[in-house]
Amino acid sequence: MTKMTRNQRNIRVNVLSDNNQPCGLPVTLVGREAQTLRKLIDAGERGISSLDHPGIRLAHYCLKIRRAGITVETVKTPQRGEYGGWFGVYKLRSRVAVLEDNTRAGA
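Just so we're clear, the structure is a prediction, and the values are computed from it rather than from any experiment.

How each quantity is defined
The written sequence of each chain sets the order in which its residues are numbered from 1. With the structure being a predicted model, the display of local features is reserved for residues of pLDDT at least 70 and the display and counting of side-chain atom pairs for 80 or more, all residues being used for whole-chain, interface and lining totals. The side-chain quantities take in all heavy atoms of the structure and omit both hydrogens and water. Each helix is a run of H or I in the DSSP string that is no shorter than four residues. Each strand is a run of E no shorter than two, and both are numbered from the N terminus. Three exposure classes are used, based on accessible area relative to the maximum for each residue type with a 1.4 Å probe and protein chains only: buried under 20%, partly exposed in between, and exposed over 50%. Contact between two residues is taken to exist if any of their heavy atoms lie within 4.5 Å; hydrogens are not considered. Neither His nor the chain ends contribute to the count of charged residues, in which Lys and Arg are positive and Asp and Glu negative. All charge positions are set by atom: Lys at NZ, Arg at CZ, Asp at CG, Glu at CD. A helix is expected to reach a length of 1.5 Å times the quantity of its residues less one.

## A look at the overall build of the chain
Point 1. Counting secondary structure elements, the chain contains 2 helices and 6 strands.
Point 2. Written out in order from the N terminus, the α and β elements of the chain read β-β-α-β-α-β-β-β.
Point 3. Once the C-alpha set of the chain is aligned to its principal axes, its extents read approximately 45 × 40 × 20 Å.
Point 4. Each of the 107 residues in the chain was classed as buried or not, and the buried ones make up 35%.
Point 5. Once local pairs closer than 6 in sequence are excluded, the contacts in the chain between residues at least 24 apart make up 59%.
Point 6. Taking the average place of the 18 positive charges on the side chains of the chain and the average place of its 9 negative ones, the gap between the two points comes to 4 Å.

Written as structure tokens, this is what we have:
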């Protein structure tokens, strides 16, 4: 099996309106942004955080997804313990229809 390159791992979606009609042209994301969108879709209302997926620049990938026109909410969640403060849980708020997805191929 041939290993896929970054640009071959992509996801193509339509952002949907309230009546489930596409809003504009399809959006295609590649690489880590595509993988992050797939994780957001899979997580649903639970959302994802860097605690669940250590080692990736989750906030940056969510920013790039937002710039592509997809709504991602950041929910501030308190962090207890020695290193108090908060961390972000990211939740997909746009409704999307997946047109093409090869984020899992070759994984």
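This is not the end of the story, as more comes after the structure.
## Overview of helix H1 (residues 31-43)
Point 1. Taking 1.5 Å of rise per residue, 13 residues should cover 18 Å, and H1 covers 19 Å from first to last C-alpha, within 8% of that figure.
Point 2. All of the buried residues along H1 are Gly 31, Glu 33, Ala 34, Thr 36, Leu 37, Arg 38, Leu 40 and Ala 43.
Point 3. Just downstream of H1, Gly 44 is the residue with a positive phi angle, here 65°.

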